[in-house]
Amino acid sequence: MQPMVVKSATRKRFSAWNQQQGFSDEASAAPRRILMTTDTVGGVWHYSLELVRGLAKFGVEVALATMGPLPTAEQRRQVARIHNITLFESSYRLEWMEDPWEDVEKCGAWLMNLEDELKPDLVHLNGYAHADLPWNCPCMVVAHSCVLSWWEAVKKEPIPQRLGRYRERVAQGLARAHLVAAPTAAMLNAVETSYLPLPIPGLSTTDAAGKGTGQTTRSISSSPWGGFGMRQKISTPSPSLPALSPGPCS
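Report follows, based on the coordinates.

Between the first and last C-alpha of helix H4 (residues 101–118) there are 25 Å, a value that for 18 residues agrees with the 26 Å anticipated at 1.5 Å per step. What H4 keeps buried is the set Trp101, Asp103, Val104, Cys107, Gly108, Trp110, Leu111, Met112, Leu114 and Glu115. In this structure, the buried side of H4 is in contact with strand E1 (33–39), strand E2 (61–67), strand E3 (85–88) and helix H6 (164–176). Backbone geometry just downstream of H4 places Lys119 in the positive-phi region, at approximately 50°.

This brings us to the packing of aromatic side chains. Taken as a whole and assessed by the stated rule, the structure comprises three aromatic pairs. Summarising the aromatic geometry, the rings of Tyr128 and Tyr195 are spaced 6.5 Å apart at their centres and angled 35° between planes, so their arrangement reads as tilted. Of this pair, Tyr128 sits in the loop between strand E4 (122–125) and strand E5 (139–142) while Tyr195 sits in the loop between helix H7 (185–194) and strand E7 (229–232); the two residues are 67 residues apart in sequence, bridging distant segments of the chain. Neither Tyr128 nor Tyr195 differs from the other in exposure class; each is buried. Positioned above the aromatic ring of Trp151 is the side chain of Lys155, whose terminal nitrogen or guanidinium carbon lies 5.3 Å from the ring centre.

In this section: the environment of Ala181. Mapping Ala181 onto the fold places it in strand E6 (residues 179–182). In sequence terms Ala181 and Met140 are 41 residues apart; their C-alpha atoms lie 7.7 Å from each other.

The volume enclosed by the largest pocket comes to roughly 760 Å³. In terms of lining, the largest pocket is formed by 35 residues, of which the most central are Glu95, Trp96, Met97, Val147 and Tyr166. Elements supplying a minimum of two residues to the lining of the largest pocket: E1, helix H2 (43–56), H4, helix H5 (147–154) and H6. Residues of the lining of the largest pocket, tallied by class, amount to 19 nonpolar, nine polar and seven charged.

The subject of this paragraph is the pairing of E3. The pairing of E2 with E3 spans four bridges and is parallel. Looking at the pairing, Leu64 lines up with Leu87 of E3. Crossover E2 to E3 through helix H3 (residues 73–80) is right-handed.

Analysis parameters
Residues numbered from 1 in each chain as written. Predicted model: local features only at pLDDT ≥ 70, side-chain atom pairs only at ≥ 80, totals over all residues. Heavy atoms only, no water. Helix = DSSP H or I, 4+ residues; strand = E, 2+ residues; numbered from the N terminus. Expected span 1.5 Å × (residues − 1). Buried < 20%, exposed > 50% of the residue type's maximum accessible area, 1.4 Å probe, protein only. Contact = heavy atoms within 4.5 Å. Phe/Tyr/Trp six-rings, centres within 6.5 Å; stacked < 30°, edge-to-face > 60°. Lys NZ or Arg CZ within 6 Å of the ring centre and 35° of its normal. 1 Å grid on protein atoms, 1.4 Å probe; cavity = no way out; pocket = protein on both sides within 12 Å on 5 of 7 lines; lining within 4 Å. Points joined across faces, edges and corners; volume = space filled by probe spheres on them. Nonpolar A, V, L, I, M, F, W, Y, C, P; charged D, E, K, R; others polar. Pairing = 2+ DSSP bridges. Right-handed = clockwise from strand over helix to strand, strands pointing away.

Geometry only, nothing functional implied.
What follows is the structure, encoded as structure tokens:
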């Protein structure tokens, strides 16, 4: 798996995009401090550590906030071997677990406190719901998987009503994220199918009442994170219809 890295050739675009989003001049510099969430259950853990190692050569420091089961002794040893990472542990239930929402709220408060303390240049979420928090810096979501696409692929039956709240919270998070990426175009398309009706690139979007929102989308010529399918916003996030656009996937 190719790590997502901020390459020097993309820093001007990152800065211009941040300024367009209304962030400060300081936030518009290439990110040097990242607050990243992860879980300790499966592949996201390995992905997160590989990405942090890849970011080390760019001088990026990562605060890694864990959810789900606490890291094992072996996982802590893995972290200890990486020089540009600081581990922050929690045992809050993940949004895809059974009845997680009280923990999701508590975890959100914890993450906001971490942002206030650490003042990162970028928040990188390996989940969805917490993108709806009032972050003070750009917030990126990476879509590794989701319950709805898993259900349809494995169960091959309609999504049950009990997953309605999960669908709502994931959609709200995606609508507020400033950047959405996925390891493959197929995963990104699955997320779009399950949660977000996208506007046609280059055209103004409309809301549910048919009124123009003034938001537009465009394709981006290359990904600042390298090797990932992406959707990039170019206007203020909207809780009803985010302005996202197709990007390349290798």
